[in-house]
Amino acid sequence: MEDERKDGAYGTPQKYDPTFKGPIYNRGCTDVICCVLLLLAIVGYVAVGIIAWTHGDPRKVIYPTDSRGEFCGQKGTKNANKPFLFYFNIVKCASPLVLLEFQCPTPQICVEKCPDRYLTYLNARGSRDFEYYKQFCVPDFQTNKGVVEVLRDGDCPAVLIPSKPLAQRCFPAIHAHKGVLMVGNETTYEDGHGSRKNITELVEGAKKANGVLEARQLAMRIFEDYTVSWYWIVIGLVIAMVLSLLFIILLRFLAGIMVWVMIIMVILVLGYGIFHCYMEYARLRGEAGSDISLVDLGFQTDLRVYLHLRQTWMAFMIILSILEVIIILLLIFLRKRILIAIALIKEASRAVGYVMCSMLYPLVTFFLLCLCIAYWASTAVFLSTSNEAVYKIFDDETCPLVGKTCKPEIFPSSNESRLCPKARCQFAFYGGESGYHQALLGLQIFNVFMFFWLANFVLALGQVTLAGAFASYYWALRKPDDLPAFPLFSAFSRALRYHTGSLAFGALILAIVQIIRVMLEYLDQRLKAAENKFAKFLMTCLKCCFWCLEKFIKFLNRNAYIMIAIYGTNFCTSARNAFFLLMRNIIRVAVLDKVTDFLFLLGKLLIVGSVGILAFFFFTHRIRIVQDTAPPLNYYWVPILTVIVGSYLIAHGFFSVYGMCVDTLFLCFLEDLERNDGSAERPYFMSSSLKKLLNKTNKKLAES
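Quantities reported herein were computed from a predicted structural model and do not represent experimental measurements.

**A word on empty space enclosed by the protein**
Now for step 1: Counted under the stated rule, the structure contains three cavities of 30 Å³ or more.
Now for step 2: If you add up the space inside the largest cavity, you get close to 120 Å³.
Now for step 3: Listing elements by their share of the lining of the largest cavity, those giving two or more residues are helix H8 (215-283) and helix H19 (586-619).
Now for step 4: Considering every element that reaches the lining of the largest cavity, the biggest residue donor is H19, with five residues.

**Considering the side chain of Lys 604**
Now for step 1: Note on placement: Lys 604 falls in helix H19.
Now for step 2: Among the residues examined, Lys 604 registers a relative accessible area of 17% and is labelled buried.
Now for step 3: Within the structure, Lys 604 has its side chain in polar contact with the side chain of His 652 (distance 3.1 Å).

**Some points on the state of the cysteines**
Now for step 1: Under the criterion given, the structure shown has three disulfides.
Now for step 2: A sulfur-sulfur distance of 1.9 Å marks the disulfide that ties Cys 72 to Cys 110. An S-S torsion of about -75° defines the bridge between Cys 72 and Cys 110 as left-handed. Highlighted residues: Cys 72 in the loop between helix H2 (59-62) and strand E1 (84-87) and Cys 110 in strand E2 (residues 108-111), separated in sequence by 38 residues.
Now for step 3: Note on Cys 72: relative accessible area 0%, which makes it buried.
Now for step 4: You can call Cys 110 buried: its relative accessible area is 6%.
Now for step 5: One disulfide bridge connects Cys 137 with Cys 156, the sulfur atoms lying 1.9 Å from each other. Here the disulfide of Cys 137 and Cys 156 is right-handed, its torsion about the S-S bond being about 115°. With Cys 137 in the loop between helix H5 (130-134) and helix H6 (147-153) and Cys 156 in the loop between H6 and strand E4 (159-160), this pair connects stretches of sequence that are 19 residues apart. The pair formed by Cys 137 and Cys 156 is uniform in burial state, with each residue classed as buried.

**Describing the packing of aromatic side chains**
Now for step 1: Enumeration according to the criterion identifies 28 aromatic pairs in this entry.
Now for step 2: On the numbers, 6.0 Å between centres and 65° between planes, the contact of Tyr 121 with Phe 130 is edge-to-face.
Now for step 3: Judged by its relative accessible area of 1%, Tyr 121 falls in the buried class.
Now for step 4: For Phe 130, a relative accessible area of 12% corresponds to the buried category.
Now for step 5: Aromatic pair Phe 618 and Phe 619: ring centres 5.2 Å apart, planes at 75°, arrangement edge-to-face. Across this residue pair, the class does not change: Phe 618 and Phe 619 are buried.
Now for step 6: One cation-aromatic arrangement involves Arg 310 over Tyr 281; the distance from NZ or CZ to the ring centre is 4.0 Å.

**Describing the pairing of strand E6 (residues 169-172)**
Now for step 1: Relative to E6, strand E5 (residues 163-166) is paired through four bridges, and the arrangement is antiparallel. If you follow Leu 166 over to E6, its bridge partner there is Arg 169.
Now for step 2: In textbook terms, the turn of a hairpin is the stretch between consecutive antiparallel strands, and for E5 and E6 this stretch comprises two residues, one of which, Ala 167, has a positive phi near 55°.

**Digging into the layout of surface pockets**
Now for step 1: As a volume, the second largest pocket reaches approximately 1,000 Å³.
Now for step 2: Elements that contribute at least two residues to the lining of the second largest pocket include exactly E2, H6 and strand E12 (424-431).
Now for step 3: No other element matches the four residues that E2 contributes to the lining of the second largest pocket.

Conventions we followed
Residues numbered from 1 in each chain as written. Predicted model: local features only at pLDDT ≥ 70, side-chain atom pairs only at ≥ 80, totals over all residues. Heavy atoms only, no water. 1 Å grid on protein atoms, 1.4 Å probe; cavity = no way out; pocket = protein on both sides within 12 Å on 5 of 7 lines; lining within 4 Å. Points joined across faces, edges and corners; volume = space filled by probe spheres on them. Helix = DSSP H or I, 4+ residues; strand = E, 2+ residues; numbered from the N terminus. Buried < 20%, exposed > 50% of the residue type's maximum accessible area, 1.4 Å probe, protein only. Polar contact = N/O pair within 3.5 Å; in protein donor to acceptor, adjacent residues only side chain to side chain. Disulfide = S-S within 2.5 Å. Phe/Tyr/Trp six-rings, centres within 6.5 Å; stacked < 30°, edge-to-face > 60°. Lys NZ or Arg CZ within 6 Å of the ring centre and 35° of its normal. Pairing = 2+ DSSP bridges.

Below, the structure is given as structure tokens:
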């Protein structure tokens, strides 16, 4: 069982090359065509960004828009001092028309501040409150109109409700009083036609229009918590960084102990499970109804019923016994491979120690990814806001012209206005019918595709850089004396100078699969309302297949990048050689993958759990650090969750470097076994612990 398949369907082992001493320095450019394609795509991406920035207007996202398509609170406009949008009848925002037109079918105007009192138009007219009321009417409101004409033409709202601003929009200030939903101090309101309605209708309309109205207050409190606790949050993240580095260093000494303790614990837990199942099986002997079979009982919604059957515990005991036997047999036959995996993990810890600057490289990847995300997001916003204002006809009553486009300048004297006297020409959304507007969907898809391509390219660049640095460590015969002066910088420069095309090739394949998955998700959302079960089944199968394909391509790309970093071959050759090399050693691959997955999971749980518990005790004032104590907070979970999420990201960044190191050393180890035999001419480059495990020696070193 020591040797894997050496030939056959998975190629032939690597032959000895006397000139090979690690990552090749004299190499040429690879996959030049893909490099040119990437450069052309980037030029086109920049052109799309320029076009979007020329036509787009982010104010359409930042500022609310009134019924005439004018921005509220925008400097340089007549509404500069009116930052809030006021709805004449917020109840109509709950209309299904909102889902189609993305606009409430009620007049909307920009106001300086939201109404702070309950007032009807009938009560306000002819009183001193009328001056206050007029600021919530349309700008060209004529006071000589009658009450019925004003309400019919939508010049003023029928009623003012005490409101609060949320996202620069006025929503009713709803609260509960003795279990009754209220707006201000009122439980009813008058609709302007003499009838009074229960405020619950208004409440439900407001809730449907904007959801929870306390979100603004919640956001302000969270922001206050960040302003007073950011210093301690940074300290918590620094602690997570130190613990991550310490854990990687300790793996050099404790990797074997942690792996074997984990294996023993799994065996003991399964053993206890078998014992517990047997005790429950014996306890139920003789109880009424316990001998009923699972088939006779059938499906029950209350799963606890099955725990009263002896057959259930017998099934559990058999399953756990089978798992126990499988694990024990695997330990017997794969013990040496587990030892090899542990030795490689320890060796990776040494390599990281000698190439310590590799721990800082995730910051470079993070910075480049932030640039990609920022460009994609800004381009998407500008593209989505590069439409023109579209006005449509709205009417509270039945009108055949509802939804038709119109022009507000000529609508009052148009035929549409005569056919539907109560109709209004109101701003609906931003769109257009020009060629550019029709191509917006394609430009958005191209924007997403380029984001995937560039993001995958950045990740690929990081993987090749780290692989080149750690391969230099492995192929140094006398470690660390033969290690290059700046292995990380050398690997980075080689990757950019010679292999930009290969990285672009691998990233392109992955981006194509990812954009297909995005389209499948979009189609799945569109087909959710369909009753075609075959279409849903087919969509589920396609999503599953492309998910598996993406995972496989990521695995293949990762190992192909390692071969590119070492040999400087093109992407296809590197992918083929890496795949065949791994398939010739498939059992070792499986064992190493599971062992490293366990250690990384354990490390992340320890780091995140330790820092999270420390943050919990500190921010809940249960412990003090020297003389300082936690600041007073509105929500103590805000800094705690921030520290936990930040700690996980930091640990993931450190372990991603460590994982790349393990994978690189593993491929180098397999190459070393196939290339060399331990003779003076062909010495092994592996560490002494690995040679001892495999009973290998270098004759030259042994003689000396």
